[in-house]
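Chain residues, written in single-letter form:
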Amino acid sequence: MEEKNKKDINRRDFIKIVGISAATSTGLLYGCSSKGTTSSSSATGEGEVPTDKMTYRTSPTTGDRVSLLGYGCMRWPLKSAPDGNGEVIDQDAVNGLIDYAIAHGVNYFDTSPAYVQGFSEKATGIALSRHPRDKYYIATKLSNFSPDTWSREASLKMYHKSFAELQVDYIDYMLLHGIGMGGMEALKGRYLDNGILDFLVKEREAGRIRNLGFSYHGDIEVYDYLLSRHDEFKWDFVQIQLNYVDWKHAKETNTRNTDAEYLYGELAKRGIPAIIMEPLLGGRLSKLNDNLVARLKQRRPESSVASWAFRFAGSFPDILTVLSGMTYMEHLQDNLRTYSPLEPLTDEEKEFLEETAQLMLKYPTIPCNDCKYCMPCPYGLDIPAVLLHYNRCVNEGNVARSGQDENYAKARRAFLVGYDRSVPKLRQASHCIGCNQCVAHCPQNIDILKELHRIDQFVEQLKQGTL
């Protein structure tokens, strides 16, 4: 007991940490436009961050009282590696963000063996282990995507490693990760034929798993199949992608996706609580074009652009928690304001967001959610950075269609200068050799090779002035 208390933060130290340093509040400084509309204060909220007003939801299956804002641990802040070779997780920054989140009512933390190139669980475990175990819920996943981890032995090794990395003897929320990717064949290989799903059910009976569920991307047949066996497996929760664009327009953003209205409805009628991922559609709903930002700001001048999406996700009664991958302190603070407490959307506001979604769909962005499953690239490309730079410029009107465009010179300069600032030259699309290793790992089923080559060709045309 004495040893454990040494690891726990005492109240005085905790309060010091809550006043976190500016080092972890650095904003997204890069961008396509020099105006920086999508990353400036005009797109963020202001005001005090309450410590005692968080909205909570109670799980109908286990009675867990869960904060409506959940911390997604996919995008932990990074810093240069000590040896100068690449980047590593900034553990001090992670500790500070988690301490601040807990002090302001967040108690749900979602990670995976696949996040941050395999290091998220360890970093999350280090930060959380400094707090009493009953102050937080840990969610992690059996992320056996690669066929060489489908065997029972390899899957069990991954499962047990999660306990060690997270420094726990039970996991609050365990997920089959990304079911639907690879269709029924992958489901059978990863969880059914090897007996792993049966094993996880027994682990729940033994108390080493408190809640068992799955996250869904891709083939709807797999989603429907697992729900059809709910009476047998008794899913405690299911994690789905839900936001005000995907609610009715999922296939317009990505043909492999299914409308969130259907996904949520299937859970609600079975009494299965939903956990929400991608409430910002991979950040795209916080980085809208200038016209859409103005549209939202006109309605609620003091609220951030992102807060609209979080209010939408939180307004459904059968949602247990809404995950956000908060890399920076201002993101965490803004989301805390939104959910402390939640102001549910009115019916009129829901209609307003549906109109906003329809307007957004007129801008042809690439459906990259910056999950980094495609990384690391064996040839050093920063694939998400390339795709996201292109998306930013589309949103800001800086993707010229021809040299005859009225703003061609401005758009050309903004795209090229922003590209070099956002992506080091050696990591740009021009270095893609077409190995295609990244495509199979993308949960959004993006034809990454095609998009990289298209962007590279566009860049060359801009440089040569031949567009």
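Residues numbered from 1 in each chain as written. Predicted model: local features only at pLDDT ≥ 70, side-chain atom pairs only at ≥ 80, totals over all residues. Heavy atoms only, no water.

- Named according to an unreviewed UniProt entry, the protein chain is Aldo/keto reductase originating from Bacteroides xylanisolvens.

## Digging into the overall build of the protein chain
Then, in step 1: If you tally the helices and strands in the protein chain, you get 18 helices and twelve strands.
Then, in step 2: A globule of 467 residues ought to have a C-alpha radius of gyration of about 23 Å, and the protein chain, at 22 Å, matches this closely.
Then, in step 3: Its C-alpha atoms put the protein chain at 70 × 55 × 50 Å along the principal axes.
Then, in step 4: Out of the 467 residues in the protein chain, the part that is buried amounts to 58%.
Then, in step 5: Of all intrachain contacts in the protein chain linking residues separated by at least 6 positions in sequence, the fraction that spans at least 24 positions is 77%.
Then, in step 6: Here the protein chain has roughly 20,600 Å² of accessible surface; of this, 49% comes from carbon and sulfur atoms. (Helix = DSSP H or I, 4+ residues; strand = E, 2+ residues; numbered from the N terminus. Rg over C-alpha atoms; globule rule 2.2 N^0.38 Å. Buried < 20%, exposed > 50% of the residue type's maximum accessible area, 1.4 Å probe, protein only. Contact = heavy atoms within 4.5 Å. Areas by Shrake-Rupley, 256 points an atom, 1.4 Å probe, with all protein chains shown as cover.)

## Points about the side chain of R256
Then, in step 1: Checked against the element boundaries, R256 lands in the loop between α10 (246-253) and α11 (260-268).
Then, in step 2: For the buried R256, no salt bridge exists, and the shortest N-O distance to an oppositely charged side chain is 7.9 Å, to D219.
Then, in step 3: A polar contact of 3.3 Å, which involves the side chain of R256, links it to the backbone oxygen of C442.
Then, in step 4: Every residue in contact with R256, bar those within four places of it in the chain, is listed here: G180, M181, G182, H217, G218, K251, C442, P443, Q444 and N445. (Lys, Arg positive; Asp, Glu negative; His and termini not counted. Salt bridge = Lys/Arg side-chain N within 4 Å of Asp/Glu carboxyl O. Polar contact = N/O pair within 3.5 Å; in protein donor to acceptor, adjacent residues only side chain to side chain.)

## Focus on the pattern of salt bridges
Then, in step 1: Taken as a whole, this structure holds 20 salt bridges when the rule is applied.
Then, in step 2: The salt bridge involving R300 is made with E349; its shortest N-O contact spans 3.9 Å. Here the residue R300 occupies a position in the loop between α12 (290-299) and α13 (305-314), and E349 occupies one in helix α15 (residues 347-360), the gap between them amounting to 49 residues. Across the pair, exposure class does not vary: R300 and E349 are buried alike.

## Things to note about the sheet that holds strand β11 (residues 274-277)
Then, in step 1: Strand order in the closed barrel made by the eight strands is β3-β6-β7-β8-β9-β10-β11-β12, with parallel pairing throughout. Neighbour to neighbour, the strand axes of the sheet diverge by 30° on average, direction disregarded.
Then, in step 2: Taken together, the three bridges between strand β6 (residues 108-110) and strand β7 (residues 137-142) define a ladder with parallel strand orientation. Considered in β7, the bridge of F109 is made with I138.
Then, in step 3: Against the sheet, helix α8 (residues 220-228) makes contact with β8 (171-179), β9 (209-216) and β10 (237-241), and its axis sits at roughly 150° relative to β9, the strand it touches most.
Then, in step 4: Across the sheet, α13 touches β11 and β12 (319-324), and the angle it forms with β12 is around 155°. (Pairing = 2+ DSSP bridges. Axes fitted to C-alpha atoms, helices over the stretch in contact; angles between N-to-C directions.)

## Structural notes on the environment of W76
Then, in step 1: Mapping W76 onto the fold places it in the loop between β3 (69-72) and β4 (78-80).
Then, in step 2: For W76, a relative accessible area of 3% translates into the label buried.
Then, in step 3: On a C-alpha basis, the gap between W76 and L381 in space is 20 Å, while along the polypeptide they are 305 residues apart.
Then, in step 4: Engagement of the side chain of W76 in a polar contact is seen with the side chain of T124, the distance being 3.0 Å.

## What to know about α15
Side chains three or four residues apart in an α-helix point the same way, a direct result of the helix having 3.6 residues per turn.
Then, in step 1: In this model α15 runs 20 Å from its N-terminal to its C-terminal C-alpha over 14 residues, within 8% of the 20 Å that 1.5 Å per residue would give.
Then, in step 2: Listing the buried residues of α15 in full gives E349, F352, L353, E354, T356, A357 and M360. (Expected span 1.5 Å × (residues − 1).)

## So, the domain arrangement of the protein chain
Then, in step 1: Domain annotation for the protein chain reports domain 1 (56-362) and domain 2 (383-464).
Then, in step 2: Where domain 1 abuts domain 2, roughly 840 Å² becomes buried across the two surfaces, and 45% of that area is made up of carbon and sulfur atoms.
Then, in step 3: The tally of links between domain 1 and domain 2 comes to zero salt bridges.
Then, in step 4: For the interface between domain 1 and domain 2, the tally reads one residue pair in polar contact (both at pLDDT 80 or more).
Then, in step 5: Residues of the side of domain 1 that touches domain 2, tallied by class, amount to two nonpolar, five polar and four charged. (Domains from an automatic or database assignment. Buried area = accessible area lost by both parts, 1.4 Å probe. Nonpolar A, V, L, I, M, F, W, Y, C, P; charged D, E, K, R; others polar.)

## Details of the packing of helix α6 (residues 183-192) against α8
Then, in step 1: Contact geometry of α6 with α8 gives a least axis separation of 8 Å together with a crossing angle of 50°. As summarised for this structure, α6 and α8 are arranged oblique, according to the angle between their axes. As for the relative orientation of α6 and α8, their crossing is right-handed in sense. Together, G183, M184, L187 and L192 of α6 and E221, V222, Y225 and L226 of α8 make up the contact between the two elements.
Then, in step 2: Of the residues belonging to the contact of α6 with α8, the class tally is six nonpolar, one polar and one charged. (Parallel < 35°, antiparallel > 145°, perpendicular 65-115°, else oblique. Left-handed = near helix turned anticlockwise from the far one by under 90°.)

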